[in-house]
Amino acid sequence: MIFDRKSLNNENLIFFYKKLLLPRLIEEKMLILLRQGRIGKWFSGIGQEAIAVGSTLAMQNDEYILPMHRNLGVFTTRDIPLSRLMAQWQGKPSGFTKGRDRSFHFGTQEYKIIGMISHLGPQLALADGIALADVLAERKRSTLVFTGEGATSEGDFHEALNIASVWKLPVIFLIENNGYGLSTPVNEQYNCLKLVDKAVGYGIEGRRIDGNNILEVYHTIKEINESIRENPRPVLLECMTFRMRGHEEASGTKYVPQNLFEWWAGKDPVANFEKYLLDEGVIRPEWIPVFKKEITTLIETEFEKVYNEVDIIPDIATEVRDMYQPYQFPVSQPAAIPATHKRYIDAISDGLRQAMRKHPNLVIMGQDIAEYGGAFKITQGFVEEFGKPRVRNTPICESGIVGAGMGLALNGYKAIVEMQFADFVTCGFNQIINNLAKTHYRWAQAVDVVVRMPTGAGTGAGPFHSQSNEAWFTKTPGLKVVYPAFPADAKGLLLAAIDDPNPVIYFEHKYLYRSISGDVPDNDVLIEIGKANIVKQGTQASIITFGLGVHWALEYAEKHPELSLEIIDLRSLLPWDHEAVEESVKKTGRALVLHEDTLTSGFGAEIAAHIAEHCFKYLDAPVMRCGSLDTAIPMNKALEDQFLAKARLDETVEKLLAY
Ligand SMILES: Cc1ncc(C[n+]2csc(CCOP(=O)(O)OP(=O)(O)O)c2C)c(N)n1
């Protein structure tokens, strides 16, 4: 192995050596502890330390790094106290996730490290958002994100590189090519000669280096950083290395040919660097045990300190509370005057425009939303007023863009992501469910992202442009879900969603866009998330509904003036207003839950179960549900009409009242 120190002096080299030794010696200790059963799972990075350590040394401390499960060297090189790392691994109260997640699955703003989620690829897009925030704020910074060669097969890799290229984001995508993804060798993972060759396809630069040579890693990344900070653009860096132990300690290495271990043992990053330093006379042989002793003593004391820390005492209130960033809804709202008569769609547009004016750090992203104004023209004219950097057309990559939205939020911005149709959220599902929703619970980081979801039926658009999918999200703690049915609520809830630092899924009904209008305050009046609205008072039965269902119920009530029906518009589904529903049902003694979504496991099931459990003694009839057919939603008008819950509303109300 050839080392080139360039301008590094002896002191620098000794500093590097100690940084390189630290993760190796910690790992050696971890292996002993594992055998003693004193810690759980461990993903070894032995033999790969030069990448984590060399790259971290090449980053400024105010630049973000997004490491993977084998990159202990990133954490130690950023000088995170060992006791905190050990507390994290042992699931202790002083760990970064307070026992809620394992190993390196955490982030820390203090050290500018954003940890992975188990799904491997999603963090690549987070790096895009982080870098975008730096570019927008005109901070000359680089972002470094790691991936294993296995995870390059995930779509996340493609989306993140493509976005970074199109948007010229200063991100280093570092592939740690260690030969195996669990038991899968590289020739079963990809079929190109070198992964770095993929850079050409994305229109970006690529380099391939010896990942076991700490100086090569350091100098390469330092040089790339100096260049991309000034001239922002992504670079793909493939670092060749080898995984010297099993995927995790329990899984063994039987599938790896012995000669590979022997060959790579000769390229060990620590031993080779040590030899170089000795040959160059930078260190003397007798210094090595002294350095090691210093480190092992530190490891021992830190470990014992944490091992003896009291264990977590489970507390339900704390767990539930920590799903969300605490948020105080503004106590006083401005008077809602004057008001202008507006269509539902214009109320959304109005709310967005006011939010963009109010929050200079708010960015909207979506397909065709810039000059074109969006598929429904909601952002028409926004580019002229706010500029393209904040009103961003995106490539077709829902996952990458939700991830980039989260990255923006991690780095001081607020993001709105527009799904062109709510149906396409399936392609961004993982980022929403596993990243947006779970981050605050895991490491107390708010994720200030609103996902706008043009939803629903009534336009004959068929199975992929009109389904109702709110129930996919209402069962995910960590998200808030709102679903306005009227123009004023559409604006007020949108403003509230943007104000709230938690991830909010905002449903906007396409059929209502241009079919209904109402008075909407001209000023920015927020409507509190979680509060229902009684849109019609009544005494005979409560119809609990939301979205288009509210209008079906109103239409029915209008046709039947002889009935005294109470109609509750939930407006928010997560959290939802238990109190308003309970009060109404206690008064009327009959409840019908109505929604546009298919019946089975639709959100109405939750409401019905709650009423049955909490209002049983007040009920004069069983709680009834009226939902759409348990089929996919068809295109043909007659089929769609038959599918929708509205077709069965009359008979369900009659049944309920006749019981
Ligand atoms: C989406 C997803 N699929 C499968 C897994 C299981 N898994 C965890 S790590 C791993 C191998 C990853 O290989 P690579 O990206 O090369 O990283 P390495 O472990 O070699 O460092 C697999 C298959 C996972 N965590 N996430």
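Refer to the structure above for everything that follows.
Cut-off values and rules
- Residues numbered from 1 in each chain as written.
- Predicted model: local features only at pLDDT ≥ 70, side-chain atom pairs only at ≥ 80, totals over all residues.
- Heavy atoms only, no water.
- Helix = DSSP H or I, 4+ residues; strand = E, 2+ residues; numbered from the N terminus.
- Rg over C-alpha atoms; globule rule 2.2 N^0.38 Å.
- Contact = heavy atoms within 4.5 Å.
- Lys, Arg positive; Asp, Glu negative; His and termini not counted.
- Charge placed at Lys NZ, Arg CZ, Asp CG, Glu CD.
- Pairing = 2+ DSSP bridges.
- Axes fitted to C-alpha atoms, helices over the stretch in contact; angles between N-to-C directions.
- Phe/Tyr/Trp six-rings, centres within 6.5 Å; stacked < 30°, edge-to-face > 60°.
- Buried < 20%, exposed > 50% of the residue type's maximum accessible area, 1.4 Å probe, protein only.
- Near = heavy atom within 4 Å.
- Polar contact = N/O pair within 3.5 Å; in protein donor to acceptor, adjacent residues only side chain to side chain.
- Areas by Shrake-Rupley, 256 points an atom, 1.4 Å probe, with all protein chains shown as cover.
- Nonpolar A, V, L, I, M, F, W, Y, C, P; charged D, E, K, R; others polar.
- 1 Å grid on protein atoms, 1.4 Å probe; cavity = no way out; pocket = protein on both sides within 12 Å on 5 of 7 lines; lining within 4 Å.
- Points joined across faces, edges and corners; volume = space filled by probe spheres on them.
- Salt bridge = Lys/Arg side-chain N within 4 Å of Asp/Glu carboxyl O.
- Parallel < 35°, antiparallel > 145°, perpendicular 65-115°, else oblique.
- Left-handed = near helix turned anticlockwise from the far one by under 90°.
- Expected span 1.5 Å × (residues − 1).

### Brief notes about the overall build of the chain
Here is step 1: Helix and strand counts for the chain stand at 25 helices and 21 strands.
Here is step 2: Taking 26 Å as the expected radius of gyration for a compact globule of 659 residues, we find that the chain reaches 28 Å, a close match to that expectation.
Here is step 3: C-alpha extents for the chain along the principal axes are approximately 100 × 55 × 50 Å.
Here is step 4: Contacts in the chain between residues at least 24 apart in sequence constitute 80% of all its contacts with a sequence separation of at least 6.
Here is step 5: Computed over 69 positive and 83 negative side-chain charges, the separation of the two mean positions in the chain equals 3 Å.

### Comments concerning the sheet that holds strand E21 (residues 624–628)
Within a beta sheet, neighbouring strands are joined by backbone hydrogen bonds and run either parallel or antiparallel to one another.
Here is step 1: Across the sheet, five strands lie side by side as E16-E18-E17-E20-E21; this open sheet has mixed pairing. Unpaired on one side and paired on the other, strand E16 (533–536) and E21 mark the two borders of the sheet. Across this sheet, the average inter-strand angle for adjacent strands is 25°, counted without regard to direction.
Here is step 2: When strand E20 (residues 591–598) meets E21, the two strands line up parallel, connected through four bridges. Counterpart to valine 593 in the pairing with E21 is arginine 625.

### Quick word on the packing of aromatic side chains
Here is step 1: Across all of its chains, the model carries 29 aromatic pairs by this definition.
Here is step 2: Summarising the aromatic geometry, the rings of phenylalanine 75 and phenylalanine 104 are spaced 4.6 Å apart at their centres and angled 20° between planes, so their arrangement reads as stacked. Of this pair, phenylalanine 75 sits in helix H3 (residues 72–77) while phenylalanine 104 sits in the loop between helix H4 (82–89) and helix H5 (123–136), placing them 29 residues apart in sequence. In this pair, the class of phenylalanine 75 matches that of phenylalanine 104, namely buried.
Here is step 3: Between the aromatic rings of phenylalanine 429 and phenylalanine 473, the centroid separation amounts to 5.6 Å while the plane-to-plane angle is 65°, which identifies the pairing as edge-to-face. Of this pair, phenylalanine 429 sits in helix H16 (residues 429–436) while phenylalanine 473 is found in helix H18 (residues 471–474), placing the two residues 44 residues apart along the sequence.

### Focus on the site of the ligand
Here is step 1: Not every one of the 15 residues close to the ligand is listed here, only the nearest: His69, Arg70, Ser118, Gly150 and Tyr180.
Here is step 2: A distance of 2.8 Å is found between an oxygen atom of the ligand and a backbone nitrogen or oxygen belonging to tyrosine 180.
Here is step 3: If the ligand stood free it would expose 580 Å²; the protein chains cover 69% of that surface.
Here is step 4: Taken together, the residues of the shell around the ligand break down into four nonpolar, eight polar and three charged.

### Focus: unusual backbone geometry
Here is step 1: Here the bond from leucine 574 into proline 575 is cis, since omega is 0°, no more than 30 degrees from zero.
Here is step 2: Counting through the fold element by element, proline 575 comes out in the loop between strand E19 (572–574) and helix H22 (578–588).
Here is step 3: One non-glycine residue, lysine 112, lies in positive phi territory at about 55°.
Here is step 4: Using a relative accessible area of 19% as the deciding quantity, one classes lysine 112 as buried.

### Examining the side chain of threonine 652
Here is step 1: Checked against the element boundaries, threonine 652 lands in helix H25 (residues 649–658).
Here is step 2: Contacts of threonine 652, omitting those with residues within four sequence positions, involve Leu592, Met624, Arg625 and Cys626.

### With respect to empty space enclosed by the protein
Here is step 1: Under the counting rule described, the total for this entry stands at four cavities of 30 Å³ or more.
Here is step 2: Lining of the largest cavity is provided by Gly366, Gln367, Thr394, Cys397, Glu398, Ile401, Val417, Glu418 and Met419.
Here is step 3: For the lining of the largest cavity, the secondary-structure elements that each account for two or more residues are helix H15 (398–410) and strand E11 (414–418).
Here is step 4: When the residues that make up the lining of the largest cavity are grouped by side-chain class, the tally is four nonpolar, three polar and two charged.

### Some remarks on the layout of surface pockets
Here is step 1: Of the pockets and cavities examined, the largest pocket occupies roughly 290 Å³.
Here is step 2: What lines the largest pocket is a set of 16 residues, among which His69, Leu120, Tyr180, Gly181 and Leu182 lie closest to the centre.
Here is step 3: Elements represented by at least two residues in the lining of the largest pocket include exactly strand E2 (143–148) and strand E4 (180–181).
Here is step 4: Its residues assigned to classes, the lining of the largest pocket comprises five nonpolar, eight polar and three charged.
Here is step 5: Its boundaries defined by the atoms lining it, the second largest pocket holds a volume of some 250 Å³.
Here is step 6: Listing elements by their share of the lining of the second largest pocket, those giving two or more residues are helix H20 (510–515), helix H21 (548–559) and helix H24 (637–643).
Here is step 7: If you tally residues by element for the lining of the second largest pocket, the top one is H21, at four residues.
Here is step 8: Its residues placed into classes, the lining of the second largest pocket shows seven nonpolar, three polar and five charged.

### Quick word on the sheet that holds strand E1 (residues 65–66)
Here is step 1: The sheet built from five strands is open, its strands ordered E1-E2-E3-E7-E6 with parallel pairing. On the outer flanks of this sheet lie E1 and strand E6 (205–210), each paired with one strand and no other.
Here is step 2: Sheet analysis places E1 next to E2, joined by two bridges and oriented parallel. Counted as the bridge partner of isoleucine 65 is leucine 144 from E2.
Here is step 3: Where helix H8 (residues 214–230) meets the sheet, its contacts fall on strand E3 (171–177), E6 and strand E7 (235–240), and the angle it forms with E6 comes to roughly 160°.

### Thoughts on the pattern of salt bridges
Here is step 1: Going through the model one piece at a time under the given rule, you end up with 42 salt bridges.
Here is step 2: With its nearest N and O atoms 2.9 Å apart, the salt bridge here joins arginine 100 to aspartate 322. In this pair, arginine 100 sits in the loop between H4 and H5 while aspartate 322 sits in the loop between helix H12 (316–321) and strand E8 (339–343), placing the two residues 222 residues apart along the sequence.
Here is step 3: When its relative accessible area of 16% is taken as the criterion, arginine 100 is described as buried.

### A short note on the packing of H5 against helix H6 (residues 155–166)
Here is step 1: In the contact formed by H5 and H6, the axes pass within 8 Å of each other and the chain directions differ by 15°. The angle between H5 and H6 falls in the class roughly parallel. Here H5 and H6 pass one another in a crossing that is left-handed. Every residue of H6 that contacts H5 at Leu124, Ala125 and Asp128 is listed here: Asp156, Phe157, Glu159, Ala160, Ile163 and Ala164.
Here is step 2: The residue inventory of the contact of H5 with H6, partitioned by class, reads six nonpolar, no polar and three charged.

### A closer look at H6
Here is step 1: Between its terminal C-alpha atoms H6 stretches 17 Å, which fits the 16 Å expected from 12 residues at 1.5 Å a residue.
Here is step 2: Restricting attention to buried positions, one finds in H6 the residues Asp156, Phe157, Glu159, Ala160, Leu161, Ile163, Ala164 and Ser165.
Here is step 3: Just downstream of H6, lysine 168 is the residue with a positive phi angle, here 50°.

### A short note on the environment of serine 466
Here is step 1: With respect to the helices and strands, serine 466 occurs in the loop between strand E12 (449–455) and H18.
Here is step 2: You can call serine 466 buried: its relative accessible area is 1%.
Here is step 3: Distance in space between the C-alpha atoms of serine 466 and valine 270 is 58 Å, their sequence separation being 196 residues.
Here is step 4: Sequence-distant contacts of serine 466, that is, excluding residues within four places in its chain, are made with Asp423, Gly456, Ala457, Ala461, Lys510, Glu596 and Ile633.
Here is step 5: A distance of 2.5 Å separates the side chain of serine 466 from the backbone oxygen of glycine 462, its partner in a polar contact.

Read these as geometric descriptors, not functional statements.
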